[in-house]
Amino acid sequence: MFRCTQEVFFSVHRNVLIRIFMLGKIITAVLLMLALNVNGTKAASFANNRLKELASHANLQGLDALRPGVCNTYKYKQHPLTIRVNKWNEIEHIGLLLFPQQLRTLNPMPIYDFLERYLLAMQVTPKDSEYGTKMGWDNVHFSTGSALTSLQIDTTAEFSESHVDLHVYKVAWNKDGKKVLEISFPMDWQLLSGCNTIELEQNIFRNLRRYKAEKQQQTSHAFPQNMTVYTQSGNYFVSPNVRNDLYFSRPDTKSEWQLTNSMQRPSHTLANMMLSLEAENNLTVDILLDKYGLRTEKATVDYRAWLQFCIDEGCQPYFGLKGKKDDAYSGSVFMVNRLGGYVHLLSINVPEKGLGTKSKVKTSARLYCYIPLHNVSDKVLNANEFEPIK
């Protein structure tokens, strides 16, 4: 009888201990989930490190609650701030609200974000911090006013801008007919973007991998009536043989014009593929990125996505043909951003079978990104190695 009672006693206690143990695991799991959820809501995501530091120095709270779009409700010393969140819920811009949206839409330029961010950063960044020290090295000059003057400027002030292609900007604000602030600064993308070389290299593949190309509307062109072959002349970059001309053709004068896509005109077809979003293009490109410090990284993307990504970034594409070896054409695509002062150089090899076909074709390329144009070496661009497109 005693043995039976003892067994029941231990059995009951064992069940109680098991239940307590299981309950403890459940409570721990719930607390962990709550902790993760709290951390997830408190930690805002930033497009780059400079913005994260700026938000901290400006003591901006509750940024994690912002949704994609533009928010102008925050203030610094009673001056409205503007904060923009991209479609990936990353804060991609923080700065003083200085420019109306209409100006940004009618005349898009990279300097709007830079000026709004930089003028705020000059006032809130401690001079003894890492970024404060780096800002002391920036080649930004005030010929009228100072960073504090920007607190007197709003979106109604008259803004003017001038620049020397690929070299320098000069900007000014006028109020009541009087110049109150004038600044000059180099056309240096590291300065304008707030990212150093390493971060720019990290960001370009991150953004490219998640980029989705959108279907483009056909552009209307003025064609000659009595011809079957037509070249829409563009301009050139670094060499007369590195151009952005587009080539059109049709079988007879009664047919519709089309971008040339034929094995009978391989160089014209290749140039169209490299330069136009409207060209038939089913190339998948294995891109090898040469990074700072002799490091490399790879990504596989549709060429059309790469082309549209660069155009959306503000680049103008140019193509230079190097020649043909065995069954592949080699050339270079220069994505030139004249307002950002840089170029992406894509050295690409396109198989002959990739021309004049709707089938998927894989090719390879090597990328050098954000090459500064104000001090670029001729050895990097190799202007003399290209041949005319005939």
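Check the entry above for the structure.
Note that the coordinates shown come from a computational prediction; the quantities given were computed from them, not determined experimentally.

Some points on the sheet that holds strand β9 (residues 229–232)
Then step 1. Spatial strand order, β9-β12-β13: three strands in an open sheet with antiparallel pairing. Edge strands, defined here as strands with exactly one partner in the open sheet, are β9 and β13 (258–259).
Then step 2. Pairing geometry for β9 and strand β12 (residues 246–249), over four bridges, is antiparallel. If you follow Y230 over to β12, its bridge partner there is F248.
Then step 3. Against the sheet, helix α8 (residues 266–275) touches β12 and β13, its axis set at about 125° to β12.

Re the pairing of strand β15 (residues 295–302)
Then step 1. Pairing analysis gives eight bridges linking strand β14 (residues 283–291) to β15, with the strands arranged antiparallel. Within the sheet, the bridge partner assigned to L288 lies in β15 and is K298.
Then step 2. The antiparallel hairpin formed by β14 and β15 contains three residues in its connecting segment, where G293 sits at a positive phi of about 80°.

With respect to the nonpolar core
Within soluble globular proteins, side chains that are nonpolar tend to cluster in buried spots.
Then step 1. Counting 92 residues, the largest nonpolar core has I94, L115, W173, F185, M274, Y303 and W306 as the members making the most contacts within it.
Then step 2. For this core, the leading source of residues is helix α4 (residues 111–124), giving nine residues.
Then step 3. Ignoring sequence-local partners within four residues, the contact set of W306 consists of I204, L208, V301, M335, H344, L346 and L367.
Then step 4. If you look at the next biggest cluster of nonpolar residues, it comprises eleven residues, including Y318, V336, V343 and F386.

Observations regarding the packing of aromatic side chains
Then step 1. Summed over the entire model, instances satisfying the criterion amount to 19 aromatic pairs.
Then step 2. Both rings, one in F114 and one in F185, keep their centres 4.9 Å apart while their planes meet at 50°; by these two values the pair is tilted. Linking F114 in helix α4 with F185 in strand β8 (residues 178–186), this pair joins segments that are 71 residues apart in sequence. The pair F114 / F185 is uniform in exposure class, with both members buried.
Then step 3. When the centroid spacing of 5.5 Å and the interplanar angle of 85° are considered together, the rings of Y211 and F309 count as edge-to-face. Within this pair, whereas Y211 is found in the loop between α7 (197–209) and β9, its partner F309 is found in helix α9 (residues 303–312), the two being separated by 98 residues in sequence.

Conventions we followed
Residues numbered from 1 in each chain as written. Predicted model: local features only at pLDDT ≥ 70, side-chain atom pairs only at ≥ 80, totals over all residues. Heavy atoms only, no water. Pairing = 2+ DSSP bridges. Helix = DSSP H or I, 4+ residues; strand = E, 2+ residues; numbered from the N terminus. Contact = heavy atoms within 4.5 Å. Axes fitted to C-alpha atoms, helices over the stretch in contact; angles between N-to-C directions. Core = buried A, V, L, I, M, F, W, Y, C linked by side-chain atoms within 4.5 Å. Buried < 20%, exposed > 50% of the residue type's maximum accessible area, 1.4 Å probe, protein only. Phe/Tyr/Trp six-rings, centres within 6.5 Å; stacked < 30°, edge-to-face > 60°.

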